[in-house]
Amino acid sequence: MADSVIIAAQADLPVTDFIDVLRRSGLAERRPVDQVQRMAAMLANSDLVLTARAHGVLLGVSRAITDFQSCCYLADLAVDRAAQRQGIGRRLVAETHRLAGGDKVSLILLSAPMAMEYYPRIGLAPLDSAFGRLRRS
């Protein structure tokens, strides 16, 4: 199936499709998926939304906020559990980074605890110099 997966930018991804793939990936437990307006605003205010589809079926999504010159925050990376371990997440990250500006742009993200071992395997390094104020709802 991996060779039939098409990665493409999709600025008009329906919020229902976004929520559905978050649920199928397991990421929904860390997102306000029961607040449809909030989820729609998250999509609308993103600079890059990429999808991974095979035969028209949505298998994954990446959502990023970037200035296309210096930094790109990868806010969401979700791949349907049934399609994981096929390189889809790796391809979504690579294409997101390329479209955001490639090597001139720093790609940063917050990892879900269950994905901490995944990101080094696809070439991302842990950052010791990051700080934040995490959301409470």
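Higher on the page you've got the structure.
Just so we're clear, the structure is a prediction, and the values are computed from it rather than from any experiment.

(A) Focus on the environment of Val 79. Examined against the element boundaries, Val 79 turns out to sit in strand β4 (residues 71-79). Expressed as a C-alpha distance, the spacing of Val 79 and His 97, which sit 18 residues apart in the sequence, is 17 Å. Apart from residues no more than four positions distant in its own chain, Val 79 is found in contact with Ser 25, Leu 59, Gly 60, Gln 84, Ile 88, Gly 89 and Leu 92.

(B) Spotlight on the pattern of salt bridges. For the structure on display, the rule yields five salt bridges. Here Asp 20 ties to Arg 24 by a salt bridge, and the two come within 2.8 Å at their closest N and O atoms. Within this pair, Asp 20 and its partner Arg 24 are both found in helix α1 (residues 15-25), separated by four residues, close to a single helical turn. Here Asp 76 makes a salt bridge to Arg 63, at a shortest N to O gap of 2.6 Å. Of this pair, Asp 76 sits in strand β4 while Arg 63 is found in strand β3 (residues 57-66), placing the two residues 13 residues apart along the sequence. Arg 63 gets classed as buried once you look at its relative accessible area, which sits at 7%. Three or more residues are tied together by salt bridges with common partners; here these are Asp 20, Arg 24 and Asp 80.

(C) Structural context of the side chain of Arg 31. Residue position: Arg 31 is located in the loop between α1 and α2 (36-44). The buried category is assigned to Arg 31, whose relative accessible area is 19%. Reaching out from Arg 31, the side chain makes a polar contact with the backbone oxygen of Ala 75 at a distance of 3.0 Å. Beyond its immediate chain neighbours, meaning those up to four positions away, Arg 31 contacts Leu 22, Met 39, Met 42, Ala 75, Asp 76 and Arg 135.

(D) Geometry of the nonpolar core. Of all hydrophobic cores here, the largest spans 22 residues; its most connected members are Val 5, Ile 88 and Leu 92. Among all residues touching Val 5, those that are not within four sequence positions of it are Ala 52, Arg 53, Ala 54, Leu 59, Ile 88 and Arg 91. If you look at the next biggest cluster of nonpolar residues, it comprises 16 residues, including Ile 19, Val 21, Met 42 and Leu 43.

(E) Geometry of the pairing of β3. Most of β3 is tucked away, with eight of its 10 residues classed as buried. Inspection of the sheet shows strand β2 (residues 48-54) paired to β3 by seven bridges, in the antiparallel sense. Counterpart to Thr 51 in the pairing with β3 is Val 61. If you look at the hairpin formed by β2 and β3, you'll find two residues sitting between the two strands, and His 55 has a positive phi there, around 55 degrees. Pairing between β3 and β4: seven bridges, direction antiparallel. Bridging across to β4, Ser 62 finds its partner in Leu 77. Hairpin connection from β3 to β4: four residues lie between these consecutive antiparallel strands, with Phe 68 at a positive phi of about 65 degrees.

Cut-offs and rules
Residues numbered from 1 in each chain as written. Predicted model: local features only at pLDDT ≥ 70, side-chain atom pairs only at ≥ 80, totals over all residues. Heavy atoms only, no water. Helix = DSSP H or I, 4+ residues; strand = E, 2+ residues; numbered from the N terminus. Contact = heavy atoms within 4.5 Å. Salt bridge = Lys/Arg side-chain N within 4 Å of Asp/Glu carboxyl O. Buried < 20%, exposed > 50% of the residue type's maximum accessible area, 1.4 Å probe, protein only. Polar contact = N/O pair within 3.5 Å; in protein donor to acceptor, adjacent residues only side chain to side chain. Core = buried A, V, L, I, M, F, W, Y, C linked by side-chain atoms within 4.5 Å. Pairing = 2+ DSSP bridges.

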